[in-house]
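# Coordinate analysis (summary)
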Amino acid sequence: MSEINRAAGGIAPAGKALSPEEIRLHYYNTPTEELVRMGGECCRSVHGPDVLLRGLLEYTNYCSSNCLYCGIRHDNSNVQRYRIDEDMLLEAARAGFDRGLRTFVIQGGEDSEYPVDRICRLIERIKEMTRGEAAVTLSCGMRSLDQYRSLKRAGGDRYLLRFETSDPELHRYLRNGSSLEKRLEALEYIREAGFQTGSGFMLGLPGESDETRLNNILLAQQLRLDMVGIGPFIPHPETPLAEASQEDIEMSIRGVALLRLALPEAHIPATTAAGSLVPDGRERMISAGANVLMPNLTPVTFKKDYELYPGKICLDESGIQCISCLSLRVKPLERELSFRRGDAVRLAGSADSPVPGGVR
Ligand code: SAH
Ligand code: SF4
C-alpha cells in the first residue's frame, strides 16, 4: 500500500468514491503512473472493458457568445460560418445508426437561427428515424428552464454544459463577463428538467492554479454528474488567448484519473482535445479511467470550420471510418467498443440493453 493510500485510510473498495480529503491527498502526492493505475482499475470494476460510443454532430458554428478561449467565438471574423440543415443532420445520424451507434450528440454555438423549437423538431426526427432506440444528447449552451423543459419534452435524454473552471473570477474573465453562478444555475435547470446531466472543464487555462484544478474535480463530485468531459485548453491563434502557453497533457490525464476516483459511475469521455494535443492522448485518458469515445459524424465539408481549438484531428475522415480506427486503438488497452446506449448508471436497466444486430 502506498503512503498516500495509507494516509487516505487505505485503498477504497472497488467502485467506491474517494472522499474530498482523499482526492486532495492524491492530487498533491500521488505520482501519475499510480493514479492512472488506480483510475483504470476503478473504471474497469464499475464499467467493465466497454468503451461507449457517442456520434457527434456539430450542427452550427455560429455563436453569439464571446468566450475568450474559443475559436468560433462571435468576434472571430475569420471563421467560415455554417449551419447544417435538418435533412443533412438526419442523414449523418442515419449512417451512424446503421453502423450501430445508439447515442447522438448535437453540439453547436449559441445560434439564434437554430432556436429551441427547431432543435426540438430535430430531436423528434432523430427519435423517429431510430424508432426511439437512440439517445439524444444536447450540447447547445445556456438556456432558460422553460427551454430545457421543451427540449426534454421533445425527447432529449442528456445535456452537456461544462462549467469550464471552478474559479469564479477566472470564469467571469474567460466567459466574457458571464458568471460561474449563472452557469451552475443553468446546470440545476438541466437537472430539474429531467436530463442526465453532464458538465466538465478545461485544464491549463491561463491564470489557473493547482488549487483551481483540484477544486474543478471536487466541484464535479459535488454536482453528482452523470457525465464529465474534461480536456486540455489549446490556445487558438485567432482569440484573445492566442499567446497563452500550452500546458502539458499530463494534467488532463491526472484529471481523468482523479475524476474517475471521485465519480466511479460517471461516463467520462476520452476527449478529442486530448487526442489533438498528443497522438495518444485519448488512449492515455482511457487507461486513466475514461470510458467513452466520440466519433465525429459532422459531414467532412464542415468539420474543419468547427475549430474550437487548432490541430483538431480526423478532419478528413468520416465518423464512420473513425469507428474502425477507434476499435483498433482500444484493443491494446484490453478494452472494446460498445454499441449500447450507455445511459447513466443510476438508470441501469431502463433502456440500456445491447442492440440486437448492432455492429460490434
Ligand atoms: N457552445 C456550447 C458547446 C460548444 S463548446 C458551450 O459552450 O457549452 C464545447 C466545449 O469546447 C466548451 O465547453 C469548452 O470546454 C471546449 N473548448 C472551447 N474552446 C476550447 C479550446 N481553445 N481548447 C480546448 N477546449 C475548448
Ligand atoms: Fe460559443 Fe460555446 Fe465557443 Fe463559448 S465555447 S464561444 S458558447 S461555441
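The following refers to the structure shown. Counting of residues starts from 1 at the beginning of each chain's written sequence and follows it residue by residue. Labels follow written order: the first chain is A, the first ligand is 1, and so on. The predicted origin of the model limits local features to residues at a pLDDT of at least 70 and limits the giving and counting of side-chain atom pairs to 80 or more, whereas totals for whole chains, interfaces and linings rest on all residues. Only hydrogens and water are set aside when side-chain values are computed; all heavy atoms of the structure are taken into account.

### What to know about the overall build of the chain
Note the cut-off: Helical segments are the DSSP runs of H or I of at least four residues, strand segments are the runs of E of at least two, and each set is numbered from the N terminus. Here the globule rule reads 2.2 Å times residues to the power 0.38, and the radius of gyration is calculated from C-alpha atoms. Whether two residues are in contact is decided by their heavy atoms: any pair within 4.5 Å suffices. Positive charges come from Lys and Arg, negative ones from Asp and Glu, while His and the chain ends are left out of the count. Where a charge lies is defined by one atom per residue type, namely NZ (Lys), CZ (Arg), CG (Asp) and CD (Glu).
On a plain count of helices and strands, the chain comes out with 14 helices and 9 strands. Here the chain has a C-alpha radius of gyration of 19 Å; the compact-globule value for 360 residues is 21 Å, and the two agree. Counting only C-alpha atoms, the chain reaches 60 × 50 × 40 Å along its principal axes. When contacts within the chain are restricted to residue pairs at least 6 apart in sequence, those whose partners lie at least 24 apart make up 74%. On the chain, the mean spot of the 44 positive side-chain charges and the mean spot of the 50 negative ones are 4 Å from each other.

### Focus: the pattern of salt bridges
Which entries qualify depends on this criterion: By convention in these notes, a salt bridge is any Lys or Arg side-chain nitrogen within 4 Å of a carboxyl oxygen on Asp or Glu.
What the rule picks out here adds up to 24 salt bridges. Between Asp 111 and Arg 83 there is a salt bridge; the shortest N-O distance is 2.7 Å. On the criterion of sequence distance, the pair formed by Asp 111 in the loop between β3 (103-108) and α5 (116-129) and Arg 83 in the loop between β2 (55-60) and α4 (86-98) is long-range, its members being 28 residues apart. Several salt bridges converge on common partners, so that one network encompasses Lys 127, Asp 157, Arg 158, Arg 341 and Asp 343.

### Points about the site of ligand 1
Cut-off, in case you're wondering: One heavy atom within 4 Å of a molecule or strand is enough for the residue carrying it to be called near that molecule or strand. Here a polar contact is taken to be a pair of N or O atoms separated by no more than 3.5 Å, where protein atoms must pair a possible hydrogen donor with a possible acceptor and residues adjacent in sequence count only if both atoms sit in side chains. In short, Shrake-Rupley with a 1.4 Å probe defines the accessible areas, and a residue's cover is counted only from the protein chains shown. Amino acids outside the nonpolar list (Ala, Val, Leu, Ile, Met, Phe, Trp, Tyr, Cys, Pro) and the charged list (Asp, Glu, Lys, Arg) are all regarded as polar, and Gly is one of them.
Close contacts around ligand 1 come from 17 residues, with Tyr 69, Gly 108, Arg 162, Glu 164 and Ile 234 the closest. Between ligand 1 and Gly 108 there is a distance of 3.0 Å, counted from a nitrogen atom to a backbone nitrogen or oxygen. Glu 164 is positioned such that a nitrogen or oxygen atom in its side chain is 2.6 Å from an oxygen atom of ligand 1. Compared with its free state, where it exposes 540 Å², ligand 1 has 92% of that area covered by protein. Looking at the shell around ligand 1 residue by residue, the classes come out as 10 nonpolar, 4 polar and 3 charged.

### Considering the side chain of Ser 276
Here Ser 276 is to be found in helix α11 (residues 272-277). Separated by 3.3 Å, the side chain of Ser 276 and the backbone nitrogen of Ile 313 make a polar contact. Non-local contacts of Ser 276, meaning those with residues more than four positions away in its chain, are made with Ile 234, Tyr 309, Gly 311, Lys 312 and Ile 313.

### Looking at the pairing of strand β6 (residues 196-203)
Condition: Only protein chains enter the accessibility calculation, which uses a 1.4 Å probe; a residue whose area is less than 20% of its type maximum is buried, one above 50% is exposed, and one in between is partly exposed. Whether two strands pair comes down to DSSP finding at least two bridges between them. Look down the strands so they point away from you; if the path from the first strand over the helix to the second goes clockwise, the crossover is right-handed.
When you tally the buried positions in β6, you get 8 out of 8 residues, the bulk of the element. Judged by which residues are buried, β6 turns out to be covered on both faces: Gln 196, Gly 198, Gly 200 and Met 202 on one side and Thr 197, Ser 199, Phe 201 and Leu 203 on the other are all buried. Here strand β5 (residues 158-160) pairs with β6 via 3 bridges, running parallel. Of the residues in β6, the one forming a bridge with Leu 160 is Gly 198. Of the pairings in the sheet, the one linking β6 to strand β7 (residues 227-232) comprises 6 bridges and is parallel in character. Across the sheet, Gly 200 pairs through a bridge with Gly 229, a residue of β7. The β-α-β motif built from β6, the intervening helix α9 (residues 210-222) and the parallel element β7 has right-handed crossover chirality.

### Considering helix α2 (residues 20-29)
Definition in use: The arc in question is the one spanned by the directions pointing from the helix axis to the C-beta atoms.
Those residues of α2 that fall on the buried side of the exposure criterion are Glu 22, Ile 23, His 26 and Tyr 27. All buried residues of α2 fall inside an arc of 135° around its axis, so they share one side.

### Remarks on the packing of aromatic side chains
Here is the rule: Each aromatic pair joins two rings of Phe, Tyr and Trp (for Trp, the six-membered one) with centres within 6.5 Å, and gets the label stacked for planes under 30 degrees apart, edge-to-face for over 60, and tilted for any other angle. The rule for a charge over a ring is simple: NZ of Lys or CZ of Arg within 6 Å of the ring centre, and within 35 degrees of the ring normal.
Within the structure shown, the criterion is met by 6 aromatic pairs. Judged by centre distance (4.9 Å) and plane angle (80°), the rings of Tyr 148 and Tyr 159 are edge-to-face. Residue Tyr 148 is found in helix α6 (residues 145-153), and its partner Tyr 159 is found in strand β5; the two are separated by 11 residues along the sequence. Tyr 159 sits in the buried class, given a relative accessible area of 0%. Three or more aromatic residues link up through ring pairs in this structure, and these residues are Tyr 148, Tyr 159 and Phe 195. We note Arg 83 situated over the ring of Tyr 62; from NZ or CZ to the ring centre the distance is 4.0 Å.

### A few points about the nonpolar core
To be explicit about the condition: Here the nonpolar core consists of buried residues drawn from Ala, Val, Leu, Ile, Met, Phe, Trp, Tyr and Cys, with membership extended through side-chain atoms lying within 4.5 Å.
Core analysis: the largest hydrophobic core is formed by 95 residues, its most contacted members being Phe 104, Leu 138, Leu 151, Tyr 159, Leu 293 and Leu 337. With 8 residues, the top contributor of residues to this core is helix α10 (residues 250-262). Apart from residues lying up to four places away in sequence, Phe 104 is in contact with Gly 55, Leu 57, Ala 93, Gly 96, Phe 97, Ile 126, Thr 130, Ala 134, Ala 135, Val 136, Thr 137 and Leu 297.

### Description of the environment of Glu 247
With respect to the helices and strands, the residue Glu 247 is situated in the loop between β7 and α10. The class of Glu 247 is partly exposed, set by a relative accessible area of 33%. For the pair Glu 247 and Ile 72, spaced 175 residues apart in sequence, the C-alpha to C-alpha distance is 21 Å. Once residues within four sequence positions are removed from consideration, Glu 247 is found in contact with Gly 204 and Leu 277.

### Comments concerning the sheet that holds β6
Here is the rule: For helices, the fitted line uses only the C-alpha atoms of the stretch in contact; every axis is such a line through C-alpha atoms, and the angle between N-to-C directions lies from 0 to 180 degrees.
The 6 strands lie next to each other as β2-β3-β4-β5-β6-β7, forming an open sheet whose pairing is parallel. Pairing within the sheet leaves two strands with one partner each, and these edge strands are β2 and β7. Sheet twist, expressed as the mean angle between neighbouring strand axes with direction ignored, is 20°. On the sheet, α4 packs against β2 and β3 and is oriented at approximately 175° with respect to β2. Against the sheet, α5 contacts β2, β3 and β4 (135-139), and its axis sits at roughly 155° relative to β4.

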